Amino acid sequence: MGGELHGPPDLRITHPVPAGEGGTEGITFAESSKYLELVEATDVGAVLVSFDTEGCSKPYIKCQFPRQAFGRILAIAWRELPLDEGVHSTALVAESAKIDPHARVGAYCVIEDGARVMSGARIYPFCYIGANCVVGESCRIYPQVSLYRDVTVGDRSSVHSGTVLGADGFGYFWDGERHRKVPQVGGVRIGEDCEIGALTAVDRATAGSTNIGNGVKIDNLVQIAHNVFVGQDSVIAGQTGISGSTRVGARNTFAGKVGLKDHITTADDVTIAAGTAVTSDIDQPGAYWGNLVARPLSLEKRIQVALGELPELVKRVRHLEAEIEKLRAKS
């Protein structure tokens, strides 16, 4: 940890624990006096503290940045899900599919024609890898993930259980009598070093590709529609929905339950607060927030216009109040 040990060097530590939880073989961190009070009330085995901490009764390691040091311990404690080498005997692999000898494919997986699985990739049990899909080097495709067809997952990316990449985009037109389906013939491209959470959907493009840039991190339960572009290193929290053909800039951060209208664009370095509905382009970096309450459209338009005039109305009201007080004083 790059720190100083204060305590018995033979103390057995087996796992990290959150601040405030106990366990005689656990280690936690305390980056402030508030956290240290929580730690002192438990039987935790050891604690990471800052260099200026005094009076800790637990065995401790003094570090420059306790939280970062705890992150290093988490990395040490991380365990890969077990998966045997090679291709499991129950996996169904098409003759034209290509699987690198250093890749691993779990039980009951299906890998279709033209698919490619690169070196170091791990495909866990019960996954479906559709025709002409590419699973990049050192990827992790966790159990029960489905890649429909023409899906590329970049090197070192992870896709968690239950996620579907490449399902039909939500495209229909009204022919005067009923909704007719627009064929969805495109694909999905996931960049390198991405992580996609469980039960998330990234739809394939109507034509072309739905694109997720390098380094993008997507939470559980996120919907990304057809022909969306998400810029590199963006972070998207759970229950967010991005409508078709929207372009998200690089390094955007969307909190939970954000909704983006179709065919809009956000600039680079934009942050959207939880529950915000984005209905038009955002062309400047910065933080944005707004709530949408369902009202009759004509009424909501009038309210939105009035909100834009609110600062001036407040100024006028204050001026009128001052004039009224003057008249009262004279009378």
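Just so we're clear, the structure is a prediction, and the values are computed from it rather than from any experiment.

Draft legend 1. Broad picture of a nonpolar patch on the surface. Where nonpolar side chains cluster on the molecular surface, the patch consists of Leu307, Leu310, Leu313 and Val314 and spans about 300 Å² of accessible area. The biggest single contributor to the nonpolar patch is helix 4 (residues 310-330), with 3 residues. Take Leu313: it is sitting in helix 4.

Draft legend 2. Fine view of the packing of aromatic side chains. Scanning the model with the defined rule gives 5 aromatic pairs in all. Each member of the aromatic cluster is reached from another via a ring pair, and the members are Phe29, Tyr35 and Phe70. Of note, Arg247 hangs over the ring of Phe229, and the distance from its end group to the ring centre comes to 4.2 Å.

Draft legend 3. Fine view of helix 3 (residues 297-308). Counted at 1.5 Å a residue, the expected span for helix 3 with its 12 residues is 16 Å, and the 17 Å between its end C-alpha atoms agrees. The element helix 3 is barely covered by neighbouring structure, given that only 1 of its 12 residues are classed as buried.

Draft legend 4. Layout of the pairing of strand 22 (residues 187-190). Note: strand 17 (residues 151-153) against strand 22, 3 bridges, orientation parallel. The partner of Thr152 across the bridge, within strand 22, is Arg189. In this sheet, strand 25 (residues 209-212) lies alongside strand 22 in parallel orientation, the contact comprising 4 bridges. Bridged to Ile190 within strand 25 is Ile212.

Draft legend 5. Structural view of the environment of Asp155. Here Asp155 lies in the loop between strand 17 and strand 18 (158-159). Sequence spacing of Asp155 and Gly275 is 120 residues, and the spatial spacing of their C-alpha atoms is 32 Å. Every residue in contact with Asp155, bar those within four places of it in the chain, is listed here: Gly136, Glu137, Cys139, Glu192 and Asp193.

Draft legend 6. Molecular detail of the pairing of strand 25. A one-sided burial pattern is seen for strand 25, the buried positions being Thr210 and Ile212 and the unburied ones Ser209 and Asn211. In terms of strand pairing, strand 25 meets strand 28 (residues 229-230) through 2 bridges, oriented parallel. Within strand 28, the residue paired with Ile212 across the bridge is Val230.

Draft legend 7. Representation of the sheet that holds strand 17. Here 8 strands make up an open sheet; going across it, the order is 8-11-14-17-22-25-28-31 and the pairing parallel. The sheet terminates laterally at strand 8 (98-99) and strand 31 (247-248), the two strands that pair on one side only. Note that strand 11 (residues 116-117) and strand 14 (residues 134-135) share 2 bridges and pair parallel. Pairing of Val117 across the sheet is with Val135, part of strand 14.

Rules and cut-offs
Residues numbered from 1 in each chain as written. Predicted model: local features only at pLDDT ≥ 70, side-chain atom pairs only at ≥ 80, totals over all residues. Heavy atoms only, no water. Patch = residues over 30% accessible without salt bridge, like charges linked within 9 Å, V, L, I, M, F, W, Y side chains within 5 Å. Areas by Shrake-Rupley, 256 points an atom, 1.4 Å probe, with all protein chains shown as cover. Salt bridge = Lys/Arg side-chain N within 4 Å of Asp/Glu carboxyl O. Helix = DSSP H or I, 4+ residues; strand = E, 2+ residues; numbered from the N terminus. Phe/Tyr/Trp six-rings, centres within 6.5 Å; stacked < 30°, edge-to-face > 60°. Lys NZ or Arg CZ within 6 Å of the ring centre and 35° of its normal. Expected span 1.5 Å × (residues − 1). Buried < 20%, exposed > 50% of the residue type's maximum accessible area, 1.4 Å probe, protein only. Pairing = 2+ DSSP bridges. Contact = heavy atoms within 4.5 Å.

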